[in-house]
Every structure is written in structure tokens, then in C-alpha cells.
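Now for the letters of each chain:
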Amino acid sequence: MKFVCVLCDTPMKLEETVGPVEGSLSVTFACPSCAHRIALLTNPWETQLVRALDVKIGGRNTPPESWEFVRTMLAARREGALEGAGDVATPEEGAGPRCPFSAVANRAAEAASLTWDPSAEERLERVPDFIRPMARQGIERFAAERGYTRITEEVIDEVRGTLGF
Amino acid sequence: MKTYWDIVGDGGSNVAAQVEAQTARLRGRMAHVRRKVAVVSGKGGVGKSTVTANLAVALAMDGLRIGVLDADVNGPSMAKLLGVRGRSLKAGPDGILPPEGPMGIKVVSMDLLLPSDETPVAWHGPAQQESFIWRGMMEVNTLREFLADTAWGELDLLLADLPPGTDRISHLTGLLPDLTGCLVVTVPSEVSHLIVKKAVSAVRDARWAPTLGLVENMGRFTCKHCGASEAMFPGGDTRAMAAAMALPFLGSIDFDPRLAAASDRGVPFLLSHPDTPAGEALTRIARTIQAWMEAE
């Protein structure tokens, strides 16, 4: 898949990949000529197809470990089945650079203990679609770091300066 | 406006490069495997896995270095058949070290990773109900890792035991474009022939790999009390079917309850009963494959 800027007919470049958050990846592309930006948002099934390809959008930082895919994606594994291999985080557990999804999934798990006030949710709804997942993630991380259990409009005001919305 | 083909590169997504790296890794590993043969049928329940396990033993008994890939991700049985069930895999610097069965046969199977008899293969995913959308890709990537990341070492032959279904053959040939050939197994029933013919045609039409020949399993049954021999299935003439499809007929293996018992014990039948009609048939078929490999 490639993206071209319709405004200036220039191939766009990958700028950032965020997620998955609630099963959705947000992949932002920018035009190097006119700085126009777009975001590709995947649904959970599209995200799973990317996972099933065993690739990371934007590339990997480290080479894959042996059987990393099957160790990461298999839902149930016999204890001790594989000796001498380092732990590879599953999408539901742990964090680390080897799994493109685990870090965010872990944060998503932490965020599950946070509740959003309806008024705060309403505020978030005003954020443009393409950055809303990033905004949600940023707010939840901010709240978790401070030990908040509820996200209110006041918390959003606190975050506002940092995220710029 | 520019089209897809006007744009060089993928804008930094790097997906194509990662897929290429996966392919290169697989190719590098498989460069140490002289021959790769898939055991296929199209039809389930014809004894592909039993035939695979015993042919592996027969060839290993003749001194060949053999690996067995259980390509049936959802119904793995090779670990059981080759007596390595429950053994641990070990991570080494060159990849995952597979357990060795009889005669040093290296075995890789999904069964080695599953926690219990009852545990099906399930994947992390958004919803299992819709898993049909992505399960196939999961399975192909699992096979890719089993092939590419296992420290197979130098092998004379890698036998891949495939699940039923012609579509699964294309999964393996997609990973192994240099697959040496397919060995087709059937039982002598018209129902089995009906399906197996389709598998042979699919392999042929798609030019996935040469079809090495047809093996008939459970051809006849010999009574251990009176010695009378009779056909297990009425009607199906496998030799005639092979001739009609211009396929080499590699042999017929008798049904022998001891073969099933040996499979259940995880002790290959050929080791304990080499002098039985079924054992001799398996040895003959293995020798034919070996002769073909040497002539290649």
C-alpha cells in the first residue's frame, strides 16, 4: 500500500504508527512537499491481518527471534515447551521492543482500570478522528502516571497543554 | 496523478522489505536441505501421517538424514507418531533445536507447543468468530517459522505431512517454491479416489511441484488366524487410477492393526515389524523414493 498526496502529486512518507488501541492502528503519512498529513485507521480485523503477516509497519528495530511469531500469537502454550528462549511478549502481556504491539497493549490493559466521565468522553469526541486514538492514549497514560482512576474534564484540562488540543 | 507503479518504495512502511527478509531467511535455511517432499492426499483419514512417519523411518534406516515437518497445524500428529510428544524444544544460537525421534529423525510439530490433549490451536486475535479471515495467514506464517527458524542442520530429505485439502498444498508450495515433489496417499475406495484425483489435478494444473507417485494405504487385510487376504475396500482400483492419471504407482500397504497400535505407542511400526507385508511395502516405497532422489 502506498499513499500519494493528491494536492501536489508527491509520494507520502510514513510519519508515525500508533497502536493498536482497542484493536486499531493509526498510521500517519505526511507529504514531504506540502506537509499535508493523512492517517490510516485500521479496524481490528485489518490490524489482525497485519499481525498475521508478521510485519511491523515502519520496520523493526531488532531482527525477529526464532519462532517469535508463533510464540507471540499462539493463545495457549505448554509450559517448558521451549527451553532457553527469551520471553517474547504476547499481545496481552508484558512490554518490550520485540513485539510491535505489546507495549501499547500493556498500556491499554492499564487503561482498562480507568473510567471516563461522560463529559470527558464528549470532549474527546471533539478531537479529529485521525488523532483521537493518540489523544485517548496520551490522556490515559498521563492519568495512570499520576494515579488517577477517573478521567474528568479537569484531567483533560491538565493534559491539554501537553498534547495541544 | 501518480499510480502505484510510478512510486518507488513504500513510503517507509517497510512491509515489503520485511516480507523479503522473511523469504531470504527461509531460503537460507532450506539451502541445507537437499530434497523437500510433501505427503498429500486431499482426503482425510487415509493415513498420510502414518505413511509419512514410517517412510521417514525407512529412509533414516538407510542412512539418510531426515527431518519431518508436521504441516498439519490444527491436527498435529507427527510428534505422537514419532515418539517425541512432550519433549522440549531448545533455543540455540542457530535457531530452535528440534527433538529427535527414532534414527535421529528431526521432528517439528505444533503439538510440541500445545499444553494438553484437549487444547486446540487458537490465536490471539480480535474475535475467534471471525478468525476464518486471518487464520490461514497465521498458519502459513507458523509453517514459515517452523521451516526457517528451526536448526534442521544438513538434511537429505525433509518430509512435510500436510493436512487434508488441496488449498493447504498451495500454502506449502508458496513457502517452498523449490519443493521437490508431492507424494499422494489414498485408500482404495471410490470416495477417496474422487477427492485424491482433484488433489493430483490441482498440484499438476498449478505446477506446484512434480507428483512423485501414488501410494495406496490400507489396501488389503490378512487374517492372522487363517492367513486369508481380502480387500479392505470394495471397488477402488488405485493402480488403474494411477495409470489413468499417468502417475507412478509406488505400492500398496496392507492394513495391519499392529501398525495402528505402534502409532498409538509412538513407536514406528517399521522398527518393530519390518518383515510384515505392510513393513516390506513401506520399505519398497522408501527405496523407490530414494532411487528417484539419487537419479534426480
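Residues numbered from 1 in each chain as written. Chains lettered and ligands numbered in written order. Predicted model: local features only at pLDDT ≥ 70, side-chain atom pairs only at ≥ 80, totals over all residues.

Thoughts on the overall build of chain A
Right, so step 1: Looking only at helices and strands, chain A features six helices and eight strands.
Right, so step 2: Moving toward the C terminus, one meets the helices and strands of chain A in the order β-β-β-β-β-α-α-β-α-β-α-α-β-α.
Right, so step 3: The 165 residues of chain A split such that 32% are buried.
Right, so step 4: In chain A, the proportion of contacts linking residues at least 24 apart, taken out of those at least 6 apart, comes to 46%. (Helix = DSSP H or I, 4+ residues; strand = E, 2+ residues; numbered from the N terminus. Buried ≥ 20, exposed ≤ 12 C-beta atoms within 10 Å, placed from the backbone. Contact = placed C-beta atoms within 7 Å.)

Some points on the pairing of strand S5 (residues 37-41) of chain A
Residue and element names in this part refer to chain A.
Right, so step 1: The pairing of strand S4 (residues 24-30) with S5 spans five bridges and is antiparallel. Bridge pairing in S5 places Ala-30 opposite Arg-37.
Right, so step 2: Linking S4 back to S5 in an antiparallel pair, the connection comprises six residues, with Ala-35 at a positive phi of about 65°. (Pairing = 2+ DSSP bridges.)

Comments concerning the environment of Asp-178 of chain B
Right, so step 1: Looking at the element boundaries, Asp-178 of chain B is found in the loop between helix H5 (166-175) and strand S7 (181-186).
Right, so step 2: Considering only alpha carbons, one finds Asp-178 of chain B and Ala-209 of chain B, 31 residues apart in sequence, at a separation of 7.8 Å.

Brief notes about the packing of helix H4 (residues 135-148) of chain B against H5 of chain B
All names here are of chain B.
Right, so step 1: Viewed as axis vectors pointing N to C, H4 and H5 meet at an angle of 45°, and their least axial separation amounts to 10 Å. Taken together, the axis directions place H4 and H5 in an arrangement best described as oblique. The handedness of the crossing between H4 and H5 comes out as right-handed. Between H4 and H5, the residues in contact are Glu-139, Val-140, Leu-143, Arg-144 and Leu-147 and His-171, Leu-172, Gly-174 and Leu-175, respectively.
Right, so step 2: Grouping the constituent residues of the contact of H4 with H5 by class yields five nonpolar, two polar and two charged. (Axes fitted to C-alpha atoms, helices over the stretch in contact; angles between N-to-C directions. Parallel < 35°, antiparallel > 145°, perpendicular 65-115°, else oblique. Left-handed = near helix turned anticlockwise from the far one by under 90°. Nonpolar A, V, L, I, M, F, W, Y, C, P; charged D, E, K, R; others polar.)

Some words on the sheet that holds S4 of chain A
All names here are of chain A.
Right, so step 1: Here three strands make up an open sheet; going across it, the order is S3-S4-S5 and the pairing antiparallel. Taken across any chain shown, the strands that pair with only one partner, and hence form the sheet edges, are strand S3 (13-21) and S5. Along the sheet, successive strands turn relative to each other by an average axial angle of 15°, direction set aside.
Right, so step 2: Relative to S4, S3 is paired through six bridges, and the arrangement is antiparallel. Across the sheet, Lys-13 pairs through a bridge with Ala-30, a residue of S4.
Right, so step 3: The strands that helix H5 (residues 132-145) touches are S3 and S4; relative to S3, the one it contacts most, it runs at about 55°.

Examining the domain arrangement of chain A
Residues and elements named next belong to chain A.
Right, so step 1: Entries for chain A in the domain assignment read domain 1 (10-75) and domain 2 (113-165).
Right, so step 2: Measuring from the centre of the C-alpha atoms in domain 1 to the corresponding centre in domain 2 gives 23 Å.
Right, so step 3: Of all the elements in the fold, those that place two or more residues in the side of domain 1 that touches domain 2 are S3, S4 and S5.
Right, so step 4: Counting residues per element, the side of domain 1 that touches domain 2 draws most heavily on S3, at three residues.
Right, so step 5: Within the side of domain 1 that touches domain 2, the residues separate by chemical class into four nonpolar, three polar and no charged. (Domains from an automatic or database assignment.)

Focus on the confidence of the model for chain B
Atomic detail in the predicted coordinates should be set aside for any region of low pLDDT.
Residue and element names in this part refer to chain B.
Right, so step 1: On average, chain B scores 91 in pLDDT, and the residues at 70 or more come to 99%.
Right, so step 2: The spread of mean pLDDT over the elements of chain B runs between H5, the lowest at 84, and strand S2 (residues 66-70), the highest at 98.
Right, so step 3: The ipTM assigned to the predicted complex is 0.84, against a pTM of 0.79. (pLDDT = per-residue confidence, 0-100.)

Description of helix H2 (residues 48-61) of chain B
Right, so step 1: Over its 14 residues, H2 of chain B extends 20 Å from the first C-alpha to the last, a length consistent with the 20 Å expected when each residue adds 1.5 Å.
Right, so step 2: Just past H2 of chain B, the residue Gly-63 of chain B takes up positive phi, approximately 95°. (Expected span 1.5 Å × (residues − 1).)

Quick look at the interface of chain A and chain B
Right, so step 1: Opposite the 43 residues of chain A that make contact, chain B presents 38 residues.
Right, so step 2: Mapped onto the side of chain A that touches chain B, the elements with two or more residues apiece are S3, helix H1 (44-52), helix H2 (68-73) and strand S6 (82-83) of chain A.
Right, so step 3: No other element matches H1 of chain A, which puts five residues into the side of chain A that touches chain B.
Right, so step 4: Counted by class, the side of chain A that touches chain B contains 26 nonpolar, eight polar and nine charged residues.

Points about the nonpolar core
Soluble globular proteins tend to pack their nonpolar side chains together in the buried interior.
Right, so step 1: Among the nonpolar cores identified, the biggest contains 93 residues, and Ala-38, Val-39, Ala-56, Leu-159, Leu-172 and Val-184 of chain B are the most heavily contacted of them.
Right, so step 2: It is H2 of chain B that provides the largest number of residues to this core, a total of eight residues. (Core = buried A, V, L, I, M, F, W, Y, C linked by C-beta atoms within 7 Å.)

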